[in-house]
Amino acid sequence: MRLVPLSVVALAVLAAQPARAQTAAQLVDRGVEAYQDLDLGGAAGLFRRALAVTGTDSLVLAGRLRALGYLGAAEFLRGDRDSTVAAFRRIVLLSPRHRLDDLVFPPDITALYAEVQRDTKVVHVALPPIVRFRAGDAGFRPQLLASSFHQIVVTVDRSDGTTARLLFQGLIGDSLEVLWDGLDGLGAPVPSARYVLRVESRDPAGEPVRIVRVPLDVRAAEPDTLPHPILADSALLPERSPEERNVQALIGGLAGGIGLAVLPSLLASDSELSPGRFVLAGSVTVAGVIGFFTQRGGRPLPANVAANEAQRQLWRADLDRVAQENARRRTQVELSIQVGAAAAVELQRP
Amino acid sequence: MIVRRTALALVAFGVLVAAEANAQSRFGFGVSGLIGFPSVQHDVGGAVETLSGTTVGVGAYVRFASVEVGGRYLQGSIDDAGAGRAQDLVEGAAALLVRPVRPLSIGFGPRARSYVEGGGTERWVTWEARVGLDTWLFPRVLRSAIEVSLAVGGSESGGASIAAGKGVEAGLDLRIPRTPLFLGVAYRVDQVRLDGDTRQDTVEQFLLRVGISR
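About the thresholds
- Residues numbered from 1 in each chain as written.
- Chains lettered and ligands numbered in written order.
- Predicted model: local features only at pLDDT ≥ 70, side-chain atom pairs only at ≥ 80, totals over all residues.
- Heavy atoms only, no water.
- Contact = heavy atoms within 4.5 Å.
- Buried area = accessible area lost by both parts, 1.4 Å probe.
- Salt bridge = Lys/Arg side-chain N within 4 Å of Asp/Glu carboxyl O.
- Polar contact = N/O pair within 3.5 Å; in protein donor to acceptor, adjacent residues only side chain to side chain.
- Helix = DSSP H or I, 4+ residues; strand = E, 2+ residues; numbered from the N terminus.
- Nonpolar A, V, L, I, M, F, W, Y, C, P; charged D, E, K, R; others polar.
- Pairing = 2+ DSSP bridges.
- Axes fitted to C-alpha atoms, helices over the stretch in contact; angles between N-to-C directions.
- Left-handed = near helix turned anticlockwise from the far one by under 90°.
- Buried < 20%, exposed > 50% of the residue type's maximum accessible area, 1.4 Å probe, protein only.
- Expected span 1.5 Å × (residues − 1).

Engineer: So what's going on with the interface of chain A and chain B? Residues and values would help.
Structural biologist: On the side of chain B, 26 residues touch chain A, which itself brings 29 residues to the contact. With both sides pooled, the region where chain A packs onto chain B buries about 2000 Å², and carbon together with sulfur makes up 70% of that total. On the chain A side of the interface with chain B, the three residues burying the most area are Gln248(A), Leu267(A) and Leu280(A), jointly 27% of the side's total. Across the contact surface, chain A and chain B share 0 salt bridges. Our count for the contact surface shared by chain A and chain B stands at 5 residue pairs in polar contact (both at pLDDT 80 or more). Those elements that place two or more of their residues in the side of chain A that touches chain B are α6 (247-267) and α7 (276-294) of chain A. Among the elements that line the side of chain A that touches chain B, the one with the most residues is α6(A), at 11 residues. Of the residues in the side of chain A that touches chain B, the class split is 12 nonpolar, 14 polar and 3 charged.

Laid out in structure tokens, this is it:
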């Protein structure tokens, strides 16, 4: 008893899904039929309803382009030029290189579409979701598709808005491939960070009218570098003998003091000499004794000093070699760039 | 006798100079101004006369490796402080020194001393062998030096020969850190006796010096 109503509800839910999925496309088909029957108001309404469907049932790109083309044509035949231009402009924004079918639409409609396409400065950026290459190689190659001939500036910007590298500045026709080797303006590989591929479209006066920003998550895998060689103190020989009292000061002080006090009397024993020399003798002796007790330090060991200097020269040569090798390795950075969804900002409507 | 001692001293000195040929290369020099306070005792046959005064002069040396050439010159006047006698005193000395091992130095050179009085000049010249010790009491700041000299020959301008001569000089040099300047004080006494004990001069003096050295 209870199973019957539940199965009916389940069937109804399952049946509703494909019915809703077909609705947007069916609305377009019905709109085309109405357009061909010259029910232009009804057709426009059906196209707008189809375009308004969101979610998983919404129109795919081809369906949206078809609906917008017919919507523009219907509005054109109804005499509403503004609505026609708006619909055609939406087509250009979705697909800059799209063409209306000359076999389906009359020449005055396709001519208006061409005019809208020419006046709408749009660039689409085509990139694979992930790009891997070695810094220095031109491995990052975004394809730019333009709606019409105009000026563009292509840069790779850092997250703070500063320009890491200017890739292109000039005119684009219908398509262009720009190259980036992963280096910044100074020629160094960019570090891991979030960047933005920025494509700025400009009007004939040079004023920016539209900016497309493509997030780039750059991961720079730096190669392993060699560790700097270390010259351990334990590898060096002692350059002075163990600490010792300054015996030389004591000997010098005593020799000078005693010499001053005694030798003059011995050399000139029969002369009356100045006692002032004893002051100087005492000064020399006291200075020597103080020097003995206050100055410490071993004798230099020249052989060890020379051996250590040779050791240091080898270490410095090794250090230079490692520094050169590391500098070479640092130029071999592997870059992995994850490309995000592009977003466009309109700065000025023509 | 004196000639033989002189020859021996010269030979010994030559050997030492030759031994220094392989010494490490190191250049240095110094120049200083000197003020001396001499006291001269003339002993003529037991009669002692003492004259004292002040002299000024210069000293200099040049050192290459362990070989050093130096000299000094002083002049001034001395008197007997009231008795009315005065002399001009001019003194010069030069020496070639070698340092076979630190702190020892051995040298040889002449010393001349002139007494000028009333237009007459009495000149004493001695050739001295020297042995000295100099050590740093405080490294690169305070240094002491002592030198003993022995006359191995010489003469007096009157024609007499030098019978004996000996002297000693010692002092302290204070270097001003991080400058080439130094200040010094020294005491010197030497005694020279002529042949026949006709005369003996004892010259004692304190020396102050200010200079530069590298």
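Engineer: Please give an account of the sheet that holds strand β10 (residues 200-213) of chain B that cites residues and values.
Structural biologist: Taken together, the 10 strands give a closed barrel; going around it, the order is β1-β2-β3-β4-β5-β6-β7-β8-β9-β10 (chain B), and neighbouring strands pair in antiparallel fashion. Strand-to-strand twist in this sheet, taken as the mean axis angle between neighbours without regard to direction, amounts to 20°. Bridge count for strand β8 (residues 162-175) of chain B against strand β9 (residues 181-194) of chain B is 13 bridges, and the pairing is antiparallel. Across the sheet, the residue bridging to Lys166(B) is Gln191(B), located in β9(B). Against the sheet, α7(A) engages β6 (120-138), β7 (142-156), β8, β9 and β10 of chain B, with an angle of about 25° to β6(B).

Engineer: Break down the packing of helix α3 (residues 61-77) of chain A against helix α5 (residues 107-119) of chain A for me, with residues and values.
Structural biologist: All names here are of chain A. Packing of α3 against α5 leaves a shortest axis separation of 10 Å and a crossing angle of 115°. In this structure, the crossing between α3 and α5 has a hand that is right-handed. On α5, the residues that touch Ala73, Phe76 and Leu77 of α3 are Asp108, Ile109 and Leu112. For the contact of α3 with α5, the class distribution of residues is 5 nonpolar, no polar and 1 charged.

Engineer: Let's hear about unusual backbone geometry: which residues, and what values?
Structural biologist: All names here are of chain B. The omega torsion across Arg102 and Pro103 is 5°, close enough to zero to call that bond cis. With respect to the helices, strands and loops of the structure, Pro103 is situated in the loop between β4 (86-98) and β5 (104-117). Backbone geometry at Arg140 places phi at a positive 60°, although glycine is not the residue there. Among the secondary structure elements, Arg140 is positioned in the loop between β6 and β7. For Arg140, a relative accessible area of 64% translates into the label exposed. Despite not being glycine, Arg178 has its phi angle at roughly 65°, a positive value. Mapping Arg178 onto the fold places it in the loop between β8 and β9.

Engineer: Explain α3(A) to me, using residue names and the numbers behind them.
Structural biologist: All names here are of chain A. Here α3 contains 17 residues, and its C-alpha end-to-end distance of 24 Å stays within 8% of the 24 Å for a straight helix at 1.5 Å per residue. Counted residue by residue, α3 has 12 buried out of 17 residues, so it is predominantly covered. Among all positions in α3, only Gly63, Arg64, Leu65, Ala67, Leu68, Gly69, Tyr70, Leu71, Gly72, Ala73, Ala74 and Glu75 are buried. Among the residues trailing α3, Gly79 stands out with phi positive, at a value near 90°.

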